[in-house]
Amino acid sequence: MFNFEIISESSDSRARAGVIHTGHGMIETPVFMPVGTLGSVKSLSPEELMEAGAQIILGNTYHLYLRPGTEVIDQFNGLHRFMHWDRPILTDSGGFQVFSLARLAKLSEAGVTFQSHIDGSRHLLTPEKAIEIQICLGSDIMMCLDQCIQYPATREQSLTALETTTQWAQRCKRAWKETNNGSNTLFGIVQGSMFTDLRRQSAEELMSAGFPGYAIGGLSVGEPVEMMLEMADFTLPLLPRDRPRYIMGVGTPENLIELAALGTDMFDCVLPTRNARNGQLFTTNGTINISNSRYKDDSGPVDADCRCYTCRHYSRAYLRHLYMARELLAYRLNTIHNVYHFVNFVKHLRKAILDDTFKSFREDFYRKLEN
Ligand SMILES: [Zn+2]
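About the cut-offs
- Along each chain, residue indices are assigned from 1 in the same order as the chain's sequence is written.
- Residue-level local features of this predicted model are given only where pLDDT is at least 70; pairs of side-chain atoms are given and counted only at 80 or more, and the full residue set underlies all totals for whole chains, interfaces and linings.
- For side-chain calculations, the full set of non-hydrogen atoms in the structure is used, while hydrogens and water are omitted.
- Put plainly, a pocket is an open set of points on a 1 Å grid over the protein atoms alone with protein on both sides within 12 Å along at least five of seven lines, a cavity is a set where a 1.4 Å probe fits but cannot get out, and a lining residue has an atom within 4 Å of a point.
- Grid points are joined across faces, edges and corners, and a volume is the space filled by probe spheres set on the points.
- Only Asp, Glu, Lys and Arg are considered charged in this grouping, and only Ala, Val, Leu, Ile, Met, Phe, Trp, Tyr, Cys and Pro are considered nonpolar; every other residue, Gly among them, is considered polar.
- A helix here means a DSSP run of H or I that spans at least four residues, while a strand means a run of E at least two residues long, and both kinds are numbered starting from the N terminus.
- For this analysis, a salt bridge means a side-chain nitrogen from Lys or Arg found within 4 Å of a carboxyl oxygen belonging to Asp or Glu.
- Exposure classes here rest on a 1.4 Å probe applied to the protein chains alone. A residue is buried below 20% of its type maximum, exposed above 50%, and partly exposed in between.
- Any two strands between which DSSP finds at least two bridges are classified as paired.
- Note that a disulfide, as used here, is simply two cysteine sulfur atoms within 2.5 Å.
- Any N, O or S atom lying within 2.8 Å of the metal counts as a donor, with the limit raised to 3.2 Å for Na, K and Ca; because water is left out of the atom set, some sites can appear incomplete.
- Geometry assignment treats four donors as tetrahedral when all angles are between 85 and 135 degrees, treats four as square planar and six as octahedral when opposite donors are over 155 degrees apart and all others between 65 and 115, and treats everything else as irregular.
- Only the contacting stretch of a helix is used when fitting its axis, a line to C-alpha atoms as for every element, and angles between N-to-C directions run 0 to 180 degrees.
- Here, two residues are considered to be in contact whenever any of their heavy atoms come within 4.5 Å of each other.

(A) Spatial organisation of empty space enclosed by the protein. Tallying each qualifying case throughout the model produces two cavities of 30 Å³ or more. As a volume, the largest cavity reaches approximately 40 Å³. Looking at the largest cavity, the residues that line it are M1, F2, H21, T22, G23, D140, G182, S183, N184 and T185. For the lining of the largest cavity, the residue count by class is two nonpolar, seven polar and one charged. Size it by volume and the second largest cavity reaches roughly 40 Å³. Considering the residues around the second largest cavity, the lining is formed by P30, V31, F32, G53, Q55, V343, V346 and K347. Looking at the lining of the second largest cavity, the elements that each hand over two or more residues are β4 (31-33) and α14 (328-354). Ranked by the residues each element gives to the lining of the second largest cavity, the list is headed by α14, at three residues.

Here it is, written out as structure tokens:
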């Protein structure tokens, strides 16, 4: 069922455009995937996501496992029917949240024990369990359990986490192979913090296990943006050309365009949704904060170039009013715009790769930002 093909490659960068085929339809890459942490892209209905052009969304294994729990989602045969979304879903493995959000994460031979951030209950997450949960969720693209560490980390910490990640990836692959019925696929996650030799080691170990797709994790965890780009620039060419490459948890439109230029196919980030709820809106001329008093009587749309529902019908003055009054509609309208902006920005970027005008697209992008 899972298949990836490259349609076109940019002649003046490493950017490429492709198509991923899944059991729930195809995904045109590069693609931006909105994050639906708890089985919902905060404040949006699936219809609104489709109107924004979202082809695939993310679900978070850690969160959904703790609440509502797999026994509930299992009754619906997975997340697609539970949340009324019939396009592809990618799930993370829960590793990132266990090490960043849960309490008392402790590594053992079996996996990692942790305490729920919700009720303090104790759980053991193993590579096999991470696969079992993701299969229960009905994920189209599953991720291996990995150990993501914060920045800065010592070389020793990075190496230890990398070794754990490799062992877990091998166990995840075994568990996936045993249950694989062709309805889902599994990506490995390259770790290695900010050490190029460790990034290389991680990539090589994962490739020798062999995965249908590869992600780069442990970026955008507090390091300077130049360092993030440097690691991506180093690591992406190590990965097989014919497999999708996914950089996890990144980033701003500037990050997306630079990482696409380096050959990234998939992106996810909470930026458009989280920042929408904080009143920050992304436009082709940069970000604006809708609470700013200069928008008090501004009758123009958020972004004159945007065709989203919010920009077609509402003024900045109205959006500012809703936001200042903390009306629930503010969060929805802001999120509709930001998600549309990110999804369509990457769609335009893809079109530029297909037309082989990526270089001028990129120049144009920066020129508009300066306006
Ligand atoms: Zn808009």
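There is more to say, and it comes next.
(B) Spotlight on the pattern of salt bridges. Taken as a whole, this structure holds 16 salt bridges when the rule is applied. The closest approach of N and O atoms between D265 and R16, which form a salt bridge, is 2.8 Å. With D265 in the loop between α10 (253-261) and β15 (266-268) and R16 in strand β2 (residues 16-22), this residue pair connects regions lying 249 residues apart in the sequence. Taking relative accessible area as the criterion, D265 reaches 0% and is therefore assigned buried. Using a relative accessible area of 2% as the deciding quantity, one classes R16 as buried. Ionic contacts of the salt-bridge type, sharing partners, join the residues D364, R367 and K368 into one network.

(C) Geometry of the pairing of strand β9 (residues 112-115). Where strand β8 (residues 103-107) meets β9, three bridges bridge the pair, whose relative direction is antiparallel. Note that in β9 the partner of R103 across the bridge is Q115. Where β8 hands over to β9, the hairpin turn is made up of four residues, counted between the paired strands.

(D) Spatial organisation of the state of the cysteines. Scanning the model with the defined rule gives zero disulfides in all. Distance from the sulfur of C136, which forms no disulfide, to the nearest cysteine sulfur (C172) is 16 Å. This cysteine, C148, is not joined by any disulfide, and C269 carries the nearest cysteine sulfur, 14 Å off. For C148, a relative accessible area of 7% gives the class buried.

(E) The arrangement of the coordination of the zinc ion in detail. Distances from the zinc ion to its protein donors, C306 (SG), C308 (SG), C311 (SG) and H337 (ND1), fall within 2.1 to 2.3 Å. Geometry at the zinc ion is tetrahedral, judged from the four donor atoms that bind it and their angles of 99 to 117° at the metal. Read from N- to C-terminus, the donor residues coordinating the zinc ion fall into the pattern C-x1-C-x2-C-x25-H. Here the two residues C308 and C311 agree in accessibility, since each one is buried.

(F) Examining the sheet that holds β8 more closely. The strand order across the open sheet built from three strands is β8-β9-β10, with neighbouring strands paired in antiparallel fashion. Both edges of this open sheet fall to β8 and β10 (122-125), since each of them pairs with a single strand only. Neighbour-to-neighbour, the strand axes of the sheet open up by a mean angle of 20°, direction not taken into account.

(G) Fine view of the sheet that holds strand β3 (residues 25-29). Judged by pairing direction, the sheet is antiparallel, and its three strands sit side by side in the order β1-β2-β3 without closing on themselves. Both outer strands of the open sheet, β1 (3-9) and β3, are each paired with one neighbouring strand and no more. Adjacent strand axes in the sheet meet at a mean angle of 15° when their direction is disregarded. The pairing of β1 with β2 spans six bridges and is classified as antiparallel. Among the inter-strand pairings, I6 is bridged to a residue of β2, identified as G18. Most of the contacts of α14 go to β2, to which it runs at about 115°, and overall it touches β1, β2 and β3.

(H) Spotlight on the layout of surface pockets. Considered as a void within the structure, the largest pocket measures approximately 860 Å³ in volume. In terms of lining residues, the largest pocket is bounded by 37 residues, among which F96, Q97, D268, V270 and R274 are the most central. Secondary structure elements with two or more residues in the lining of the largest pocket: α5 (95-100) and α11 (271-277). Looking at which element gives the most residues to the lining of the largest pocket, the answer is α11, with five residues. Of the volumes computed, that of the second largest pocket is approximately 410 Å³. Taken together, 17 residues line the second largest pocket, and the ones lying closest to its centre are T284, H341, F345, H348 and K368. Those elements giving two or more residues to the lining of the second largest pocket turn out to be α14 and α15 (358-370). Residue composition of the lining of the second largest pocket, by class: seven nonpolar, five polar and five charged.

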